[in-house]
Amino acid sequence: MRLQKASLLLTVTILLLLPIGVWRATGVTFAGNTAGSFEIDGNLTVDHPVPPAEPIDWFSNPFPAALTTFTDATGQTDDAFGLGSKENDQSSWVCTTGSAPAKDDIVSEISINGAAPVAGEIGFRFFPVNGVQKQFLYADWSRLSNNGDAHIDYEFNQADPSKNPANPNCPNLPIRTPGDFVISFDTQNGGATINVTAFKWDGNTFAPLSLGSQGILWDAAVNTAASISGLTVTGTNLFGELSLNVTDTIGDIPCNTVLFASMKTRSSTSISAALKDTSKVEPVNFTIFNAAGANASGNAFGASVQDKLLAINLTLPAATPATCTQGVCSSQSGGGSNSNNNQVLNVAVPPPGGSVLQANALGASSTSTVDPTTNTATDTGVSESAGVNLVNGLVTADVVRGVASAEASGFNSSFSAAGSAFQNLVVNGVQTNNVNPNTTINLPVAQFGAGSFVKLLEEIGSSSQPAPGQIVGGTFAADLTVNMIRVHITSLAPTGDALDIVISHAQAHADFPQPAGCPALPGTVSGDATIVNEQANPSLLPVVVGFVSIPPQGGHDHQDLNQLSTSLVSGGTSVSDSAGTVLSSSSSSSSFAKAQNVCVFPAFGVCTASATAITSQANSASGGGTSSSNPQGTSLLGLSVGGMTVANNPPPNTTILVPGIGSVTLNEQTCDSGSAPPCSGASSSGITVRAIHVIVDNPNAPGVPQGANVIVGEAHADSSHP
């Protein structure tokens, strides 16, 4: 330990009294202070030998705390407070631009590891103290001049300033709500004495919180050297830093409870002093994502055949890459993406007749992605089989498409079989439509043997997350296996052959490490919107235009299109949008799809369905023991069907038959529960809205295949919260 102007006796006394922390007198900082495993020494550099990684300082790379940074200008363009603005009275605030007094002017002078300079930072981190996880707050600041003491506030707010401003004169700062708090950093005598205080807003004023003594639950320092690495200007007391044990003072701050933070300066130590300078409000970051520890993997194949009598054990298409044991495989660990695909045409098993399996095409693809930008791991497997005939016509289908998707993030995990579908499926001579997941059709014992069956849309899925209350070391994971057709025959007459056949298999896995300090949020949302979803050719994948979607923990996705043009749909400008939010007390989502001058399926010289403007909108909100979803915002204008005018905004689920084509459904609305709106529940609900839905089920002059399905303007939203 370095000693400056201190006796050995004083040193021993300090070590006995303060086993953690540091004593500071007359500006002296003793090295070795590691409050919250952070070097509080008035600089940004890691001063201990590396390794070990602890304690840390601002130059630690990677920085193991969730970091929020603030920038601020200086001079006449600076964000500042007008005269009379008092810290404790938001009604007095006047926000303006102009110069703050030099000593109160926070400026962007801190440069971390060569990054662009910032005016200050805050970081949240959980770190064990005597074997117990404690939440710590680290913060720093820089200012223009040291011609007076520093009085710095870090304010933490729950309200969004864009929705709830402080007052009309300060629209860019949030109004205070009970539970908001301020951490204040004050110096005296040029930084020789430092005090850190905290206050919580009770709805009328700031109530002081006890932080205890310096060196025990908190510590702070300013730069006593005129020049320190990482500070772009020279002079003492221009940089300050603090570490605070939040757990044992303010109390743990859950992720996403405090949403926004800002830096401010005051004219003096008093919490009611005049305000001078302010930074812009920034969203608080509580999470340290570890995309390097995430994984995604999966596989898909068109067909798998096991024939005991003929000793056949075959998977098609062939292994891609060669190491794959399930057709086509992909795998990604850490940031990046891996994708493979393969197909085989005109399949006959066994050759030449193909009595077990015939297919025009068997194709499969698998894509695994870990995205460090969105901090998600995703895997999608797709298998499409065309012209399928199994066991001499026992099962036939024009197209069988299986999709398995798994996604994991730092907050949630989910899986989906969306996109899986059959076209013209026939099982044992029976046309089979509207297949529910895991539908099982038992086969006649005399012809196929006891226990024989056909299983359709087999889904085997699971998701997992850390235990309730767990804040470190957990994993979010999701897995899904989809087998579109599984044929199990124990004794095929007259040979007694045993068969197992799987058509259109897809499997997906994703996992993502839990961000330290962030338990799983209790609510979820989903939302998506599509301008056009067109399945015109059963042998091809659907044509999807303008698709947007959000992950289970919320977000925002948006697309703008200048023109619509597919084989069966034309139109003008269109917009698709989906957004959702998950908070500690509620979840909500909203999606919409808009398009102008739409013409769907032109036939016999007119549009089967047309509109001058459509908007499909789906909204959902959950919380407080109730959940509801609605189509508010939906609008259909300038409608015609088969050349006949239809009134604007027709009632939900208006279906009109069109001779020689099929049917047109306008303003189609369906609750996730399968019922018609209104959609509600105790903890979850959802709704899908489709503006125009055309189904072709008659022979027609343009030659569009029967079964063609066209949806224009689809929006979905759902939410859940305990």
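Relevant structure appears above.
J.: Explain the sheet that holds strand E12 (residues 218-222) to me, please; I cannot follow it from the model alone.
T.: Hydrogen bonding along the main chain pairs the strands of a sheet, whether they run parallel or antiparallel. Pairing within the open sheet is antiparallel, and its 5 strands lie in the order E1-E4-E5-E13-E12. In the strand order of this sheet, the two ends are held by strand E1 (66-70) and E12, each with one partner. When the angles between neighbouring strand axes are averaged without regard to direction, this sheet yields 15 degrees. Bridge count between strand E4 (residues 120-129) and strand E5 (residues 132-142): 10 bridges; the pairing is antiparallel. Of the residues in E5, the one forming a bridge with Phe-127 is Lys-134.

J.: Would you take a moment to explain the environment of Thr-645 for this structure?
T.: Here Thr-645 is to be found in strand E44 (residues 644-646). Distance from Thr-645 to Ala-611, taken between C-alpha atoms, is 9.9 Å for residues 34 residues apart in sequence.

J.: Even after reading the chapter, I still don't get the pairing of strand E8 (residues 170-174), so can you show me in this structure?
T.: Successive residues of a regular strand alternate their side chains across the two faces of the sheet. The sheet contact formed by strand E7 (residues 165-167) and E8 spans 2 bridges and is antiparallel. Paired with Asn-167 across the two strands is Cys-170, which belongs to E8.

J.: What should I look at first to understand the state of the cysteines in this one?
T.: Counted under the stated rule, the structure contains 4 disulfides. The residue that forms a disulfide with Cys-671 is Cys-679, at a sulfur-sulfur distance of 2.0 Å. The chirality of the disulfide connecting Cys-671 with Cys-679 is left-handed, given an S-S dihedral of about -85 degrees.

J.: Got a minute to help me understand the pattern of salt bridges in this structure?
T.: One side chain can pair with another of opposite charge once the charged atoms of both are near each other. With the rule as written, the count across this model stands at 13 salt bridges. We note a salt bridge from Glu-54 to Arg-125, for which the minimum N-O separation is 2.3 Å. Within this pair, whereas Glu-54 is found in the loop between helix H1 (8-17) and E1, its partner Arg-125 is found in strand E4, the two being separated by 71 residues in sequence. Look at Arg-125 and you get buried, because its relative accessible area is 8%.

J.: Explain unusual backbone geometry to me, please; I cannot follow it from the model alone.
T.: Excluding glycine, most residues fall at negative phi; most peptide bonds, likewise, are trans. At the junction of Asn-61 and Pro-62, the peptide bond is cis and its omega measures out at 5 degrees in the coordinates. With respect to the helices and strands, Pro-62 occurs in the loop between H1 and E1. The omega torsion across Leu-316 and Pro-317 is -5 degrees, close enough to zero to call that bond cis. Of note, Pro-317 is situated in the loop between strand E18 (312-316) and strand E19 (328-333). Positive phi, close to 55 degrees, is recorded for Asn-130, a residue that is not glycine. Here Asn-130 shows up in the loop between E4 and E5. Even without glycine at this site, Asn-237 takes up a positive phi of about 55 degrees. By the element assignment, Asn-237 lies in the loop between E12 and strand E13 (239-245). Taking relative accessible area as the criterion, Asn-237 reaches 2% and is therefore assigned buried.

J.: Looking at this model, I keep getting lost on the nonpolar core. Mind explaining?
T.: Counting residues in hydrophobic clusters, the biggest one holds 52 residues, and the most contacted among them are Leu-390 and Ile-485. Among the elements that line this core, the one with the most residues is strand E30 (residues 475-492), at 8 residues. In terms of nonpolar packing, the next biggest core, distinct from the first, is built from 34 residues, Ala-595, Val-600, Leu-636 and Val-664 among them.

Quick notes on the rules
For every chain, the first residue of the written sequence is number 1, and numbering continues from 1 along that sequence. Local features are withheld for residues below a pLDDT of 70 in this predicted model, meaning they are given only at 70 or higher, and side-chain atom pairs are given and counted only at 80 or more; totals for whole chains, interfaces and linings count all residues. Note: side-chain values were computed over all heavy atoms of the structure, leaving out hydrogens and water. DSSP calls a pair of strands paired once it identifies at least 2 bridges connecting them. The helix and strand labels rest on DSSP assignments: H or I over at least four residues marks a helix, E over at least two residues marks a strand, and numbering proceeds from the N terminus. For helices, the fitted line uses only the C-alpha atoms of the stretch in contact; every axis is such a line through C-alpha atoms, and the angle between N-to-C directions lies from 0 to 180 degrees. In plain terms, two cysteine sulfur atoms within 2.5 Å form what is called a disulfide here. Salt bridges are defined as contacts in which a side-chain nitrogen from Lys or Arg sits within 4 Å of a carboxyl oxygen from Asp or Glu. Relative accessibility thresholds used throughout: buried, under 20% of the residue-type maximum; exposed, over 50%; partly exposed, between the two (1.4 Å probe, protein chains only). In plain words, nonpolar cores are sets of buried Ala, Val, Leu, Ile, Met, Phe, Trp, Tyr and Cys residues tied together by side-chain atoms within 4.5 Å.

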